[in-house]
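Spelled out from the first residue to the last, the chains are:
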Amino acid sequence: MKGKIERLQGDNWSAGVFAPENPAAQPLPLIVMNLSDPAGLEPLLPELKRKMGKEMRPAYLAALDGSDWNRDYSPWPAPPLRPGEAPFPGGAPQRLRLLTEQVLPSLRAHYPIRETPEDTGIFGYSLGGLAALYMAYESPAFGLVGCLSGSLWYEGFMPWAESRRLASPGARVYLSLGRKEEKTRNPYLCKIGDCYRREEELLTRQLGASRVTMTWHDGGHATEVPRRMLLGLETLLKTPAL
C-alpha cells in the first residue's frame, strides 16, 4: 500500500501524519505515536506500506513536532532517574488535553478517520509508552494502547494504576519488554519486570486475556525498537479486526 507523510498545522501545534493511499476515502483507524518528532515514523514506513491491507488494517499514524520527552510524557512531577539529572516535570496531562481537545478533532476534520475508541490508538516506547498507558487510564478516547519498554518504574505509577481502570472498557493493549531490562542495579529500573508482570495481570483481569498481549523480547531497552514497534502496531491493527 502506498502512502506518505503529510504536514498538519494547528493553532499551537504541528504534526506529521502518515496518510495511506485511500482513494475511496474510507474511514480508517488512527494511531497517535508518542515520539520525539515525526521523523520517528520514517523507519517504520517500508514495512507498514508492505503490510497494510494484508496482515494489518490500513491506518493513519500521527506524531507531534517538537515533543519534550521528559516534560510531555511524564504523568506528574517526580525525582530524576539518576543523580544530577533534572526532575521530571509531569506534563503528560497537558499533552493529553492537547491531543483530545485539539489534535484529534483537527485530524478527523482533515482525514476520513474513524471516531470510535476501538479505532483510536495511543502508542509509545520508554517514557512515551508510560504516557500511552497513563492517557488510556485517563481518557476514553483511546481504545488501542501500545506500551513498549514503558517506564512503569516511574514513581507512584503502579499504585496509581492499581487503583484505576482503563477509561475505555473495550480497550486492547499491547505490552512489550526486553528480558534484560530488569537485570540492572539501578534501584528504579530493576523493578521494571515486576511492574510489567503486575500491569499485565491488572489489565487481563479488567479486559480479559484476549485483549491483552504481552511480548517478552530478547535484549535490552534499546534492542530493535523499530521492529518491536512494527510488531505492536501489527498486533493492534491485525486483520481481521477483533
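Sequence order sets the numbering: in each chain, residues are counted from 1 along the sequence as written. Under the rules for a predicted model, residues below a pLDDT of 70 receive no local features and side-chain atom pairs below 80 are neither given nor counted, while totals for whole chains, interfaces and linings still include all residues. Working from all heavy atoms in the structure, the side-chain values ignore hydrogens and water.

Enquirer: Account for the pattern of salt bridges, naming residues and giving values.
Expert: Within this document, salt bridges are pairs made up of a side-chain nitrogen of Lys or Arg and a carboxyl oxygen of Asp or Glu, the two lying within 4 Å of each other. Following the criterion strictly, the structure yields 15 salt bridges and no others. A salt bridge links glutamate 85 to arginine 82, with the nearest nitrogen and oxygen atoms 3.7 Å apart. With a 1.4 Å probe rolled over the protein chains alone, any residue whose accessible area is under 20% of its type maximum counts as buried; one over 50% counts as exposed, and the rest are partly exposed. Residue classification places glutamate 85 among the partly exposed positions, given a relative accessible area of 37%. For arginine 82, a relative accessible area of 38% translates into the label partly exposed. Each of Glu162, Arg198, Glu201 and Arg205 takes part in a single network of salt bridges with overlapping partners.

Enquirer: Quick one: what's the story with the packing of aromatic side chains, residue by residue and with numbers?
Expert: For Phe, Tyr and Trp, rings pair up if their centres lie within 6.5 Å, where Trp contributes its six-membered ring, and each pair is then called stacked (planes under 30 degrees apart), edge-to-face (over 60) or tilted (otherwise). Evaluated as defined, the whole model comprises 14 aromatic pairs. Summarising the aromatic geometry, the rings of tryptophan 69 and tyrosine 73 are spaced 5.2 Å apart at their centres and angled 85° between planes, so their arrangement reads as edge-to-face. On the accessibility criterion, tryptophan 69 (25% relative accessible area) is partly exposed. Both rings, one in tyrosine 137 and one in tryptophan 160, keep their centres 5.4 Å apart while their planes meet at 75°; by these two values the pair is edge-to-face. With a gap of 23 residues between them, tyrosine 137 in helix H4 (residues 127-138) and tryptophan 160 in helix H5 (residues 157-162) connect regions that are remote in the sequence. Secondary structure elements follow DSSP: runs of H or I of four or more residues count as helices, runs of E of two or more count as strands, with numbering from the N terminus.

Enquirer: Run through the nonpolar core, naming residues and quoting values.
Expert: Counting residues in hydrophobic clusters, the biggest one holds 59 residues, and the most contacted among them are Leu107, Leu133, Phe142, Leu152, Phe157 and Leu175. At 9 residues, the largest contribution of residues to this core is made by H4. Should any heavy atoms of two residues lie within 4.5 Å, those residues are considered in contact. For phenylalanine 142, the contacting residues outside a window of four places in its chain are Val32, Leu96, Leu99, Thr100, Leu104, Pro117, Thr120, Gly121, Ile122, Met135 and Ser168. Take the buried Ala, Val, Leu, Ile, Met, Phe, Trp, Tyr and Cys residues and link them wherever side-chain atoms come within 4.5 Å; each set so joined is a nonpolar core.

Keep in mind these numbers describe shape, not what the thing actually does.
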